[in-house]
Amino acid sequence: MAKIGIFYGSTSGVTQEIAEKIHDSIGEDIADIYNMEEDFDDYNDLLKYDYLLLGCSTWGAGEVQNYWREPLFDIDIEKPDFSGKTIAVFGSGDCTCHGKNFVSALGTLYDRFNSLGAKMVGAVSTEGYSFEKSNAVRDGKFVGLPLDEVNESDKTEERIADWLEMLKADFPLE
Ligand SMILES: Cc1cc2nc3c(=O)[nH]c(=O)nc-3n(C[C@H](O)[C@H](O)[C@H](O)COP(=O)(O)O)c2cc1C
């Protein structure tokens, strides 16, 4: 088993592609990857790892992607202990059509795992993003890495590279 677990939920494949890019960059000897739809049994899968990268797109009006709903519901009820875990979140959204809830699902994941004791890292400056409102912003920063393949796909590669560079401070990426 690798040291880092990447878990992603994706409806139309956008976050999946991003998660796979992140996995390729990190390397399969260092990170395992789970599609929440097909590979995920229950939250014990998450607890196997001390380091987690959690990917989720935003749907509805700021809701988490479908395949995260049940796991988060279970986690809410069972309240497993995530202390000692280091977690960073990433995901895709649309800052133009959904600029009032841009990548808000990241805020939901952040709150949930933060409240269960995880060390949450990987906050990203809002500079360079155009959006109206987002539940993923805390203290002036996004709680994780937002990507927008609809409007800003030209920035994705650099944003991922910069983020992974930053995560080296907290994740065993080398
Ligand atoms: C019905 C619908 C609702 C959406 N709601 C949001 C939203 O609230 N916030 C946001 O940032 N993006 C929203 N989006 C954009 C998706 O999150 C975006 O297309 C994303 O890349 C899809 O990723 P996935 O294929 O990994 O699920 C919405 C898209 C649709 C079609």
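This text goes with the structure placed above it.
Nothing here was measured: the structure is a model prediction, and the numbers come from that model.

(A) Up close: a negative patch on the surface. A cluster of acidic residues, Glu37, Glu38, Asp39, Asp41, Asp42, Glu70, Asp74 and Glu78, forms a negative patch on the protein surface. Note on placement: glutamate 70 falls in helix α3 (residues 66–78). Classification of glutamate 70 by relative accessible area gives exposed; the value is 58%.

(B) Layout of the site of the ligand. Within the structure, the ligand sits among 19 residues, and Ser10, Ser12, Thr15, Ser57 and Thr58 are positioned closest to it. One of the side-chain nitrogen or oxygen atoms of threonine 15 is found 2.7 Å away from an oxygen atom of the ligand. Contact between the ligand and serine 57: an oxygen atom at 2.7 Å from a side-chain N or O atom of the residue. Listing elements by their share of the shell around the ligand, those giving two or more residues are α1 (14–26) and β4 (58–59). In the shell around the ligand, the residues fall into five nonpolar, 13 polar and one charged.

(C) Looking closely at the pairing of strand β2 (residues 31–35). Alignment of strand β1 (residues 4–9) against β2, held across five bridges, turns out to be parallel. Bridge pairing links isoleucine 6 to isoleucine 33 in β2. Handedness of the β1-α1-β2 crossover: right-handed.

(D) Expanded view of the packing of aromatic side chains. One pass over the structure, following the stated rule, counts twelve aromatic pairs. Cluster of aromatic residues (ring-pair linked, three or more members): Phe7, Tyr34, Phe40 and Tyr49. Above the plane of the ring of tyrosine 129 lies arginine 159, whose end atom (NZ or CZ) is 3.9 Å from the centre.

(E) Geometry of the pattern of salt bridges. Counted according to the given criterion, the structure contains eight salt bridges. Through salt bridges with shared partners, a single ionic network connects Glu165, Lys168 and Glu174.

(F) Representation of unusual backbone geometry within the structure. With a phi close to 50°, lysine 79 is a non-glycine residue in the positive phi region. Mapped onto the elements, lysine 79 comes out in the loop between α3 and β6 (86–92). Judged by its relative accessible area of 54%, lysine 79 is exposed. Of note in this structure, aspartate 139 is not a glycine but carries a positive phi near 50°. Tracing the backbone shows aspartate 139 in the loop between β9 (137–138) and β10 (141–142). Residue aspartate 139 is classed as exposed on the basis of its relative accessible area, which comes to 83%.

(G) Quick peek at the pairing of β6. With seven of seven residues buried, β6 lies mostly within the body of the structure. The alternating pattern of β6 places Thr86, Ala88, Phe90 and Ser92 and Ile87, Val89 and Gly91 on opposite faces, both of which are buried. Summarising the sheet, strand β3 (residues 51–56) and β6 pair through five bridges and their orientation is parallel. Directly across from glycine 55, in β6, lies its bridge partner phenylalanine 90. The sheet contact formed by β6 and strand β7 (residues 119–120) spans two bridges and is parallel. Looking at β7, one finds that threonine 86 is bridged to lysine 119. As paired elements, β6 and strand β11 (residues 145–147) share three bridges and run parallel to each other. Paired with phenylalanine 90 across the two strands is leucine 145, which belongs to β11.

Reading the values: the criteria
- Starting from 1, residues in each chain are numbered consecutively following that chain's sequence as written.
- Thresholds applied to this predicted model are a pLDDT of at least 70 for local features of residues and 80 or more for the giving and counting of side-chain atom pairs; totals over whole chains, interfaces and linings are not thresholded and use all residues.
- Computation of side-chain values covers all heavy atoms of the structure but excludes hydrogens and water.
- Patch construction takes residues with relative accessible area above 30% that form no salt bridge. Like charges are linked within 9 Å, and nonpolar side chains (Val, Leu, Ile, Met, Phe, Trp, Tyr) are linked within 5 Å.
- In these tables, accessible area is a Shrake-Rupley quantity obtained with a 1.4 Å probe, and a residue counts as shielded only by the protein chains included in the view.
- A pair is scored as a salt bridge if a Lys or Arg side-chain nitrogen falls within 4 Å of a carboxyl oxygen belonging to Asp or Glu.
- Positive charges come from Lys and Arg, negative ones from Asp and Glu, while His and the chain ends are left out of the count.
- All charge positions are set by atom: Lys at NZ, Arg at CZ, Asp at CG, Glu at CD.
- Helix and strand definitions here come from DSSP, where helices need a minimum of 4 consecutive H or I residues and strands a minimum of 2 consecutive E residues; each element is numbered from the N-terminal end.
- With a 1.4 Å probe rolled over the protein chains alone, any residue whose accessible area is under 20% of its type maximum counts as buried; one over 50% counts as exposed, and the rest are partly exposed.
- A single heavy atom is enough: if one lies within 4 Å of a molecule or strand, its residue is considered near that molecule or strand.
- For the purposes of these results, a polar contact is taken to be a pair of N or O atoms within 3.5 Å, where, inside protein, one atom must be able to donate a hydrogen and its partner to accept one; residues adjacent in sequence count only when each atom of the pair is a side-chain atom.
- Lys, Arg, Asp and Glu make up the charged group, whereas Ala, Val, Leu, Ile, Met, Phe, Trp, Tyr, Cys and Pro make up the nonpolar group; the residues left over, Gly among them, are polar.
- Should DSSP find at least two bridges between two strands, the strands are taken to pair.
- Handedness of a crossover is defined as follows: orient the strands so they point away from the viewer, and if the path from the first strand over the helix to the second runs clockwise, the crossover is right-handed.
- A pair of aromatic rings is counted whenever rings of Phe, Tyr or Trp (Trp by its six-membered ring) have centres within 6.5 Å, and the orientation is called stacked for planes under 30 degrees apart, edge-to-face for over 60 and tilted otherwise.
- Counted as over-ring charges are cases with an Arg CZ or a Lys NZ within 6 Å of the ring centre that also lie within 35 degrees of the ring normal.

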